[in-house]
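# Working through the structure, step by step
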Amino acid sequence: MKKSIAAREYDNILQTYKRLPIAVDHAEGCRIYDTGGNEYLDFLGGIAVNALGHSHPKIISAVKAQIDKYMHVSNYFYQEPQIELAEALKNISGYGKVFFTNSGAESIEGTLKLVRRWGNKRKKNTILSFTGGFHGRTMGALSLMDKPHYKADMGPFLSGIKVLPYNDTDALKKNITDETAAIVIEFIQGEGGISSASEEFIKTIFELIEKYNFIVVADEIQSGVGRTGKFFSFEHFNVKPDVVTVAKGIGGGLPLGAILTLDHLSDIFESGMHGTTYGGNPVACAAGKVVIDELANGVMENAENIGQYLEYELQKLLLKFPSLISEIRGKGLMRGLLMTFDAGEIVADLIKRKVLSNAASGTVLRMVPPLIINKQDVDLFIERLDKCLKEKIS
Ligand SMILES: Cc1ncc(COP(=O)(O)O)c(C=O)c1O
């Protein structure tokens, strides 16, 4: 008898992922279809990756056209898709130059090197980050994080890093010194439960720059690329960090990341000091260019408008089920519902009703759907979530 896909996965793949009980056959728009013919409404979006949904025709044709030309030649060569995407990024973000990577963690690692070089020249050897932050699974990224679960028995980690309590202005003021090289922050924490930085906290960080001269790094890997209705989530705070780490949504489903810098940092790396074989892969960059173009042509506006509609509908659920929901979090289409119980339960109930979402930080139901969802998708989501919640109190 042929083994199940779950058994074959168990037999052959290291058991680091908790899989949903779904074997994917194909996916289109905001829907995923399993091998049993079931259709799922996708409010997970490949964990905030599929900005334009699945199988977007423009991404498919751009990728096919690039594959027909070349798939990989190495960063020894000038490649039009990289330059085009870099230009588009500069245009939409107002940042200076870009370094392309393949993932979020890689964007963080490159940024740590950049920040260290900048700091070492100025005798600044400390980097500050915050509790609840998530920056990736590599050693540098883990060193910026506090959650023991991600770090169990994996040390020693990088020295010269202090993780301070998020949104604690006093702790920040106490710990910032002339030796501070950089602050690394998610303006809206994704894995940390869609928690936003407070206005006061961000204001304090940026006020302290004048006295202590440090770099602010915004980790926009989850919250960036239009997800919150603006290109970067820090735009909601009217500030401009020096470095921005990007990944997830920018590749439209292909592995792509980026480090964006303001002009004053564009010469920190000299030739050969940093690099990656695949970073800026031309096929991924061709997809990325479509993502940026579509965002500029209405998709980002949709994220803002539909995000507001989703918030409005979630408010109604909050009023209807105050014993189950205690808070609505996030902006645009990066939303969280703080539940009064383990959010994993509601995620499982939603799967039974053919809706995909996930839990962040234990008690938060996270919604990061494709940025192209419409009102009908939201209505369907709310209708099914409403049924799950009703079931919970009955
Ligand atoms: C804010 C943030 N930073 C970094 C990462 C790591 O990205 P990757 O999984 O592509 O390495 C993630 C992934 O969830 C993230 O949400």
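Preceding block: the structure.
The sections below set out a description of the structure shown in this document. (Residues numbered from 1 in each chain as written. Predicted model: local features only at pLDDT ≥ 70, side-chain atom pairs only at ≥ 80, totals over all residues. Heavy atoms only, no water.)

Let us look at the sheet that holds strand E15 (residues 355-356). Strands in a sheet are paired, the pairing made by backbone hydrogen bonds, and the direction either parallel or antiparallel. Taken in spatial order, the four strands of this open sheet run E1-E2-E3-E15, and their pairing is mixed. Each end of this open sheet is capped by a strand with a single partner; those strands are strand E1 (24-28) and E15. As judged from the two bridges shared by strand E3 (residues 39-42) and E15, these two strands associate in the parallel manner. Note that in E15 the partner of Leu 41 across the bridge is Val 355. Running at roughly 105 degrees to E3, helix H12 (residues 375-393) makes contact with strand E2 (31-34), E3 and E15 of the sheet. (Pairing = 2+ DSSP bridges. Helix = DSSP H or I, 4+ residues; strand = E, 2+ residues; numbered from the N terminus. Contact = heavy atoms within 4.5 Å. Axes fitted to C-alpha atoms, helices over the stretch in contact; angles between N-to-C directions.)

Residues Leu 172, Ile 185, Ile 205, Phe 381 and Leu 385 are the most contacted members of the largest nonpolar core, which totals 92 residues. Take this core: its biggest share by element is 18 residues, from helix H10 (residues 282-320). Those residues in contact with Phe 381, other than ones at most four positions away along the chain, are Leu 41, Phe 43, Leu 310, Leu 350, Val 355 and Met 367. Ranked by size, the runner-up nonpolar core spans 20 residues in total, among them Trp 118, Ile 127, Val 217 and Ile 221. (Core = buried A, V, L, I, M, F, W, Y, C linked by side-chain atoms within 4.5 Å. Buried < 20%, exposed > 50% of the residue type's maximum accessible area, 1.4 Å probe, protein only.)

As a packed pair, helix H3 (residues 57-69) and H10 sit with axes 8 Å apart at the nearest point and diverge in direction by 150 degrees. Judged by the angle between their axes, H3 and H10 are roughly antiparallel. H3 and H10 meet at a crossing whose hand is right-handed. Two secondary-structure elements touch here, H3 through Lys 58, Ile 59, Ala 62, Val 63, Gln 66 and Ile 67 and H10 through Pro 282, Val 283, Ala 286, Ala 287, Val 290, Val 291 and Glu 294. Residues that form the contact of H3 with H10 fall into these classes: 10 nonpolar, one polar and two charged. (Parallel < 35°, antiparallel > 145°, perpendicular 65-115°, else oblique. Left-handed = near helix turned anticlockwise from the far one by under 90°. Nonpolar A, V, L, I, M, F, W, Y, C, P; charged D, E, K, R; others polar.)

For the rest of this paragraph, the subject is the site of the ligand. The ligand sits among Ser 103, Gly 104, Ala 105, Phe 134, His 135, Gly 136, Glu 186, Glu 191, Asp 219, Ile 221, Gln 222 and Lys 248. Between the ligand and Gly 104, the relevant distance is 2.8 Å, taken from an oxygen atom to a main-chain nitrogen or oxygen of the residue. Contacts to the ligand include Lys 248, whose side-chain N or O atom sits 3.3 Å from an oxygen atom. For the ligand, the accessible surface in isolation is 390 Å², of which the surrounding protein chains cover 83%. Of the residues in the shell around the ligand, the class split is three nonpolar, five polar and four charged. (Near = heavy atom within 4 Å. Polar contact = N/O pair within 3.5 Å; in protein donor to acceptor, adjacent residues only side chain to side chain. Areas by Shrake-Rupley, 256 points an atom, 1.4 Å probe, with all protein chains shown as cover.)

Residues Gly 155 and Pro 156 are joined by a peptide bond in cis, for which omega reads 5 degrees. Note that Pro 156 resides in the loop between helix H7 (148-151) and strand E6 (161-164). The backbone phi angle of Asn 238 is positive, close to 55 degrees, even though this residue is not glycine. Turning to its location among the elements, Asn 238 is positioned in the loop between strand E10 (215-219) and strand E11 (243-246).

This brings us to the environment of Ser 143. Take Ser 143: it is sitting in helix H6 (residues 139-143). In the structure, Ser 143 is positioned 36 residues away from Ser 107 in sequence and 15 Å away in space, judged by C-alpha atoms. The residues contacting Ser 143, other than those within four sequence positions of it, are Lys 151, Phe 157, Leu 158, Ile 161 and Val 163.

We now examine the environment of Gly 344. Relative to the assigned elements, Gly 344 resides in helix H11 (residues 343-352). With 17 residues separating them in the primary sequence, Gly 344 and Ser 361 have C-alpha atoms 10.0 Å apart. Leave out the neighbours within four places in its chain, and Gly 344 touches Ala 359 and Gly 362.

Our next topic: the side chain of Asn 50. Examined against the element boundaries, Asn 50 turns out to sit in the loop between helix H2 (45-48) and H3. With a relative accessible area of 11%, Asn 50 lands in the buried category.

Burial analysis of strand E7 (residues 180-185) places six of its six residues in the buried class, the great majority of the element. Two elements, E7 and E10, share four bridges in a ladder whose sense is parallel. Among the inter-strand pairings, Ile 185 is bridged to a residue of E10, identified as Ala 218.

A ring pair, where both rings are aromatic, is described by two values, the distance of the centres and the angle of the planes. Overall, the coordinates contain 11 aromatic pairs when judged by the stated rule. With 6.3 Å between their ring centres and 90 degrees between their planes, Tyr 95 and Phe 232 make a pair best called edge-to-face. Here Tyr 95 is found in the loop between helix H4 (80-93) and strand E4 (97-101), whereas its partner Phe 232 is found in the loop between E10 and E11, with 137 residues between them in sequence. The exposure class of Phe 232 is buried, given its relative accessible area of 0%. Taking 5.1 Å as the distance between ring centres and 70 degrees as the angle between the ring planes, the aromatic pair formed by Phe 134 and Tyr 150 counts as edge-to-face. Taken together, the residues span a long stretch of sequence, with Phe 134 in the loop between strand E5 (126-130) and H6 and Tyr 150 in helix H7 at a distance of 16 residues. Among the residues examined, Phe 134 registers a relative accessible area of 19% and is labelled buried. Following the ring pairs from residue to residue traces out a cluster consisting of Tyr 95, Phe 187, Phe 231, Phe 232, Phe 234 and Phe 237. Positioned above the aromatic ring of Phe 157 is the side chain of Lys 151, whose terminal nitrogen or guanidinium carbon lies 4.7 Å from the ring centre. Taking NZ or CZ as reference, Lys 375 lies 4.7 Å from the ring centre of Tyr 309, over its face. (Phe/Tyr/Trp six-rings, centres within 6.5 Å; stacked < 30°, edge-to-face > 60°. Lys NZ or Arg CZ within 6 Å of the ring centre and 35° of its normal.)

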